[in-house]
Amino acid sequence: MSAALEQSYHERQRTAPTRKTVERRLATGREFVKMLLPVGAICIAYGVTGALPNVYPADYVEGYYPLFLLVMLAVYLAVMATACFVPKLRRYAVHYAYLVAAVFLLVELLDVLTLKTGCLLLPFAPSPDRILEAVPKNIEAYATNLAASMMLLAEGVVIGLVTGFATGLLMGWSKIANYWFAPLLKVIGPVPSAAWLPIAVVLMPSAHLAGVFLISVAIWFPLSLMLSSAIRSTDKRKIEAARVMGASEPYILFHVALPAAVPDIFTALFMGLSSSFGALIISEQLGVKAGLGWYINWASQWGEYYKVFASVGIFIIIFYLLINVLFKARDRAMTWQKSVVRW
């Protein structure tokens, strides 16, 4: 009887229609209306900035902000048109529609409070047009300082990765290495980069090397800590099974313990990379001769705060892209596991 019931169940399973979730190819009316919200926000911003006169300073003529709004409108309309037929892009467009619209309205509010009414006074609160003007009129200075910042960041990150990876492996696998390195990790690691700056400037032969040291420490500490902890937390049964099968200690370390620590490595890289951005800006504001952090300090001393705002905007874009690249690499390397840290 049970065999007959089981056979009947399997027969129903084979003949039952398979249900697949098929995404709609075209956008619904509700989705289309949501995607129109940024279009309305951009049009409102363009209309307000064109209708209201420039009163502070009175003789100022806008040249970049209206053009920026038109370019953003054209770009968004192209994205919106594509999203109507591409489900994956449409999900993002619908999800971020309110946020994008709010951003353009807030930028226009800044335009009203500065250039249109003078509620916020120069030089500390520049208008959006003045901020957008900074980059094209000083493109050579921004390109030079951005290249210097990225070079300094790359040197510090590479050294921090190498030293952090080596220290983490040794501390996690060797009790002797953990005995000697653990106190160093506990003493140096938790100290903020700003506290190490005076010491680094005195001990290092140049300000550039001092900046490399600060960035390296910002990467080294979380990577060493989390990698060593992850290796020590490796499932003992897997290690013993590998030993029983005749695997050597280096083989067990690199083929059993290290793969199990990959999620913690990416989490440590996220934490270290975030800290290294702060260390980069701090190190560039004292001693170095080039870099966006140095340029921010130089522009603020001359009262050119529109250049400061533009530099901060470039920093935001660069750091956002670097973090996204890290998480894309993490998702590609670990397709079987979702990250605990979302970005």
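What you see is a predicted model, and the numbers here were worked out from it, not measured in a lab.

Criteria and cut-off values
- Residues numbered from 1 in each chain as written.
- Predicted model: local features only at pLDDT ≥ 70, side-chain atom pairs only at ≥ 80, totals over all residues.
- Heavy atoms only, no water.
- Core = buried A, V, L, I, M, F, W, Y, C linked by side-chain atoms within 4.5 Å.
- Buried < 20%, exposed > 50% of the residue type's maximum accessible area, 1.4 Å probe, protein only.
- Helix = DSSP H or I, 4+ residues; strand = E, 2+ residues; numbered from the N terminus.
- Contact = heavy atoms within 4.5 Å.
- Salt bridge = Lys/Arg side-chain N within 4 Å of Asp/Glu carboxyl O.

Draft legend 1. Local environment of the nonpolar core. Y142, I215, L227, I231 and L280 are the most contacted members of the largest nonpolar core, which totals 48 residues. Of all the secondary structure elements, the ones that give two or more residues to this core are helix 6 (128-137), helix 7 (139-173), helix 9 (193-203), helix 10 (207-232), helix 12 (249-260), helix 13 (262-284), helix 14 (292-301) and helix 15 (305-333). Setting aside residues no more than four positions away along its own chain, I231 makes contact with G168, L169, G172, W173, L253, A257 and A261. By size, the runner-up hydrophobic cluster in this structure holds 16 residues, among which are I42, C84, V94 and A101.

Draft legend 2. Representation of unusual backbone geometry in the model. P57 follows Y56 through a cis peptide bond whose omega is -10 degrees. With respect to the element layout, P57 can be found in the loop between helix 2 (29-51) and helix 3 (65-83). In this model, L122 is joined to P123 through a cis peptide bond whose omega is 0 degrees. Considering the arrangement of structural elements, one finds P123 in the loop between helix 5 (97-116) and helix 6.

Draft legend 3. Quick peek at the pattern of salt bridges. In this structure the tally under the stated criterion is 8 salt bridges. For E133, the salt bridge identified is with R130, shortest N-O distance 2.2 Å. Placement of both E133 and R130 in helix 6 is noted, with a separation of 3 residues, approximately one turn of the helix. The class of E133 is buried, set by a relative accessible area of 9%. You can call R130 partly exposed: its relative accessible area is 27%. The salt bridge partner of E133 is K137, with a shortest N-O separation of 3.1 Å. Linking E133 with K137, this pair stays in helix 6, spanning 4 residues, or about one helical turn. A network of salt bridges, in which partner residues are shared, links R130, E133 and K137.

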